[in-house]
Amino acid sequence: KKNPVSAAAEKIAGKVQDAISPGNELPGAPGSEAPQVEEPTKAREPLPPKHDQTGPDTYSPTGQPTGAPQDRVAQGGAYLTTAQGARLYDTDHSLKAGPRGPVLLQDHHLREKITHFDHERIPERVVHARGAAAHGVFRAYGAAAGITKAAFLAEGAETPVFVRFSTVLGSRGSADTVRDTRGFATKFYTDEGVFDLVGNNMPVFFIQDAIKFPDIIHAGKPHPDREIPQAQSAHDTFWDFVTLHTEATHHTLWNMSDRGIPRSYRMMEGFGIHTFRLVNAEGATTLVKFHWKPKLGVHSLVWEEAQLTAGMDPDFHRRDLADAIEAGAFPQWELGVQTFPDTEDEMFEGIDLLDPTKIVPEELAPVRPIGLMTLNANPSNYFAETEQVAFHVGHLVPGIDVSNDPLMQGRLFSYVDTQITRLGGPNFAQLPINRTHAPVNDMLRDGMHQTAVHRGVAPYRPNSLDGGCPFVAGADTGAYIEVPAEVPAARKVRDAAASFDDHFSQARLFWLSMTPTEREHIVAAYTFELGKCWEPAVKERGLRSLANIDPELCAQVARGLGLEAPEATVALASVEPSPALSQLGRTWPVDGRVIGIVTDGKTGLDAVREARGGILDAGMVPLVIAPTGGELAAGGDPVAVQRTFTTARSTEFDAVLLAGSPAPAADAYGARDAKTDDAAAARTGVDPRVLLLVTEAFRHGKAVGAWGDGATVLEKAGLAADAAGVVSGGAASTVLDGVAALLAGHRAWDRFPPAL
Ligand code: HDE
């Protein structure tokens with residue numbers, strides 16, 4: 001009798017024998033002929049997108065989601081269920097041993113609900129934590145087609161985009177209008193993969209080498225002992241660092257200028273900062289700097305307005321962006337490039353193109369427009385989209401390559417690294433907002449939060465088992481191929497190029513390019529910020545770096561601080577100003593500007609109706625401000641009141657129209673400071689909240705218009721009817737025309753600098 005084990009072994013051996021019977025040998029098996037199985041010789045068609053990689057929701061031109069209506073509400077079905085789909089009959093009471101008894105551990109619904117809630121928060125971004133975003137589309141003019149093979153820059157190409165604007169220093173819940181740099185990060189979902197242009201609203205950075213990023217951020221963030229101050233640079237550690245570390249001087253000056261307090265995300269420029277290398281189909285390369293130019297112009301708040309707004313409406317910029325898009329006033333930017341020959345020294349007109357503390361003035365290298373971006377849809381869910389979006393400087397498409405800017409090089413490491421902590425693992429590219437619209441055929445597998453169900457057995461290369469290899473592409477099949485740029489023979493050093501030592505000449509260039517009003521704002525900003533520092537040595541060092549920019553700037557700030565102005569320690573550079581850096585002196589479209597119309601709620605309502613209509617016709621937003629809420633109906637169509645004297649504040653409006661002279665309404669004060677109000681009311685006969693609104697608007701350089709009884713308010717507020725930026729008398733429509741013309745220049749600049 002045969003041993004059962006050897007019987008089984010024989011059977012198995014027989015099967016193997018059958019499997020390799022003649023004509024069916026395993027390829028390359030000993031003794032067999034040449035392999036019979038045909039090896040794949042051409043690239044497999046790309047796999048269709050993974051079923052969960054179909055890209056973000058789509059939107060109609062008016063910004064309405066195109067998905068089914070039930071997708072737009074929080075819950076799609078009729079019945080509330082658990083995460084496993086079991087229907088629930090009660091979600092308000094935990095399971096107890098009797099109505100007054102202890103809660104039972106077996107209550108799965110209670111535990112699931114609380115556990116999920118306990119884990120709702122993820123770490124906020126280590127920088128740029130506070131942001132707001134929108135979807136849109138980018139249409140290329142084709143002007144860059146000669147210098148890059150990037151398909152999304154070919155004429156007429158349309159590419160969906162998602163843009164996130166942000167402040168840098170503040171926490172996720174901090175105020176929007178603080179003095180800070182703003183992030184301007186754009187994700188292009190191109191057919192060749194995602195391209196991220198992760199820029200800022202200022203063209204230079206504090207540091208020249210990424211290794212110092214933790215230093216500048218630790219200095220700018222709140223002090224580690226008390227965690228104050230929040231979202232601002234007016235404190236000792238920030239100024240300690242930027243005054244010791246003089247390469248920060250140029251960026252700091254931008255922050256102290258009006259660029260540090262934008263009026264709106266819609267009115268900011270954006271800059272890629274670093275020099276990029278573009279390559280065309282012939283392999284020719286061009287160095288470029290990317291610029292976003294807002295169609296509405298570059299405009300800012302004034303400092304007092306920014307501070308008040310941080311308290312009155314901390315969400316001011318977020319609200320402004322969402323409101324404008326919802327109203328159909330879609331913000332637009334032109335993408336432009338400054339181009340430079342790709343020379344061996346990577347310099348242009350003596351400016352080191354690898355130094356991120358330097359600009360190239362537009363007068364030397366004009367910004368050539370290459371496409372138009374329109375933001376036309378708000379996110380549907382803040383967390384899923386704005387919070388989970390993950391940008392990365394290294395997300396590039398064929399035709400766009402990086403340069404050796406040492407700041408950029410460090411960023412190429414940082415962005416994936418930070419997402420792993422923030423988004424909980426390496427699979428963040430699978431989150432809907434991050435999914436590319438190009439087919440994905442990667443060999444990345446497993447990891448936390450893996451949502452793709454990968455098929456096949458061979459996520460490795462080379463392989464023969466998985467239906468043929470995914471083949472690597474070549475230049476003619478759309479591969480991303482790094483430009484084989486020369487790396488000069490060099491020694492390994494921790495050092496920077498000698499040209500990186502110039503820390504002041506471009507700060508001086510910026511200062512000299514400002515108008516007197518803009519300079520006055522800069523002086524005030526330095527005086528405020530250094531005035532908030534406690535350490536005398538920090539203030540003095542601050543003045544020393546100002547002396548190296550300009551003696552007049554230094555003297556004025558020193559006067560404000562009550563300190564001696566020091567002498568410069570470097571020779572002041574002789575530089576040509578760049579008028580393109582100034583925000584003043586031009587006119588811009590007024591789309592989406594907000595105009596408040598103050599009425600007493602009773603008289604002259606026809607003129608209020610007319611003004612509302614005129615504002616809407618001009619593409620602006622009218623907000624009617626009356627003593628109390630509801631509708632104003634006297635003698636015609638009802639007019640909805642959008643703001644009452646209690647809820648309105650000047651900071652919400654770009655201009656104010658006075659359509660009536662509201663007497664104080666004692667019953668409308670509510671819990672306000674009745675004593676002060678009464679005193680002011682007795683003096684003027686005009687509601688004190690209206691007086692505050694109009695004097696603040698005036699102080700902030702806003703256009704003020706008045707007709708009829710409204711002129712009384714001007715008078716009681718002590719404002720001359722012929723003061724700069726005041727339009728008084730005539731019909732409502734004439735006043736509105738005058739105000740709209742002033743708005744095109746943003747503010748009544750003739751009121752600046754204000755007489756203190
Ligand atoms: Fe960033 N930066 N950065 N940065 N940055 C981040 O990435 C970093 C720099 C910018 O809306 C982080 O996803 C280093 C310059 C924007 O989601 C992190 C250095 C510019 C955003 C990071 C810089 C930027 C970030 C934090 C020095 C303008 C927000 C969260 C070399 C060109 C993107 C995240 C968004 C965010 C690192 C300097 C722009 C930690 C190391 C210069 C707009 O990866």
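Residues numbered from 1 in each chain as written. Predicted model: local features only at pLDDT ≥ 70, side-chain atom pairs only at ≥ 80, totals over all residues.

**Let's talk about the sheet that holds strand S20 (residues 726-728)**
Within the open sheet, the 6 strands sit side by side as S17-S14-S13-S18-S19-S20. Their pairing is parallel. The strands lining the two open edges of the sheet, one partner per strand, are strand S17 (643-644) and S20. When strand S13 (residues 594-598) meets strand S18 (residues 655-658), the two strands line up parallel, connected through 4 bridges. Note that in S18 the partner of Ile 597 across the bridge is Leu 657. Each of S13, strand S14 (621-626) and S18 touches helix H14 (residues 605-617); the most contacted strand, S14, lies at about 155° to it. Strands S18, strand S19 (703-706) and S20 of the sheet are contacted by helix H18 (residues 732-744), whose axis makes an angle of about 180° with S19. (Pairing = 2+ DSSP bridges. Helix = DSSP H or I, 4+ residues; strand = E, 2+ residues; numbered from the N terminus. Contact = placed C-beta atoms within 7 Å. Axes fitted to C-alpha atoms, helices over the stretch in contact; angles between N-to-C directions.)

**Overview of the packing of helix H3 (residues 213-220) against helix H4 (residues 236-244)**
Their axes nearest at 6 Å, the elements H3 and H4 cross at an angle of 145°. Here H3 contributes Asp 215, Ile 216, Ala 219 and Gly 220 to the contact with H4, which in turn contributes Thr 237, Phe 238, Asp 240 and Phe 241. Looking at the contact of H3 with H4 residue by residue, the classes come out as 4 nonpolar, 2 polar and 2 charged. (Nonpolar A, V, L, I, M, F, W, Y, C, P; charged D, E, K, R; others polar.)

**A few points about the packing of H4 against helix H12 (residues 536-547)**
Viewed as axis vectors pointing N to C, H4 and H12 meet at an angle of 40°, and their least axial separation amounts to 9 Å. Looking at the two axes, H4 sits oblique to H12. The handedness of the crossing between H4 and H12 is left-handed. Facing H4, whose interface residues are Asp 236, Trp 239, Asp 240, Thr 243 and Leu 244, H12 presents Val 538, Arg 541, Gly 542 and Ser 545. Residue classes in the contact of H4 with H12 are distributed as 3 nonpolar, 3 polar and 3 charged. (Parallel < 35°, antiparallel > 145°, perpendicular 65-115°, else oblique. Left-handed = near helix turned anticlockwise from the far one by under 90°.)

**Notes on unusual backbone geometry**
Excluding glycine, most residues fall at negative phi; most peptide bonds, likewise, are trans. The residue after Ile 228, namely Pro 229, is reached through a cis peptide bond having omega -5°. By secondary structure assignment, the location of Pro 229 is in the loop between H3 and H4. In this chain, Arg 461 is followed by Pro 462 through a cis amide linkage whose omega measures 0°. Along the polypeptide, Pro 462 turns up in the loop between helix H9 (406-422) and helix H10 (505-512). Here the phi dihedral of Glu 346 falls at roughly 50°; this positive angle occurs in a residue that is not glycine. Its place among the elements puts Glu 346 in the loop between strand S8 (332-341) and strand S9 (347-348). The exposure class of Glu 346 is buried, given the 21 C-beta atoms found within 10 Å. Look at His 449: it is not a glycine, yet its phi comes out positive at around 60°. Residue placement: His 449 occurs in the loop between H9 and H10. Classification of His 449 by C-beta neighbours within 10 Å gives exposed; the count is 12. (Buried ≥ 20, exposed ≤ 12 C-beta atoms within 10 Å, placed from the backbone.)

**Points about the environment of Gly 701**
Looking at the secondary structure, you find Gly 701 in the loop between helix H16 (688-699) and S19. Judged by C-beta crowding, with 20 C-beta atoms within 10 Å, Gly 701 ranks as buried. Separated by 218 residues in the primary sequence, Gly 701 and Val 483 place their C-alpha atoms 51 Å from one another. Excluding anything up to four places from it in sequence, Gly 701 contacts Val 302, Gly 725, Arg 747, Ala 748, Trp 749, Arg 751 and Phe 752.

**Here's the deal with the domain arrangement of the protein chain**
When the domains of the protein chain are assigned, the result is domain 1 (1-36), domain 2 (131-434), domain 3 (504-581) and domain 4 (594-751). On a C-alpha basis, the centroid separation for the pair domain 3 and domain 4 is 38 Å. (Domains from an automatic or database assignment.)

**Comments concerning the site of the ligand**
Close contacts around the ligand come from 26 residues, with Arg 125, His 128, Arg 164, Gly 183 and Ala 210 the closest. Sorting the residues of the shell around the ligand by element identifies strand S2 (158-167), strand S3 (182-190), strand S4 (193-200) and H9 as the ones contributing at least two each. Among the elements that make up the shell around the ligand, the one with the highest residue count is H9 (7 residues). Among the residues making up the shell around the ligand, the classes are represented as 13 nonpolar, 10 polar and 3 charged. (Near = placed C-beta within 6 Å.)

**Observations regarding H9**
Between its first and last C-alpha, H9 extends 25 Å over 17 residues, near the 24 Å set by a 1.5 Å rise per residue. When we look at burial in H9, the residues that qualify are Pro 406, Leu 407, Met 408 and Gln 419. Phi turns positive one or two residues past the end of H9, at Gly 424, with a value near 80°. (Expected span 1.5 Å × (residues − 1).)

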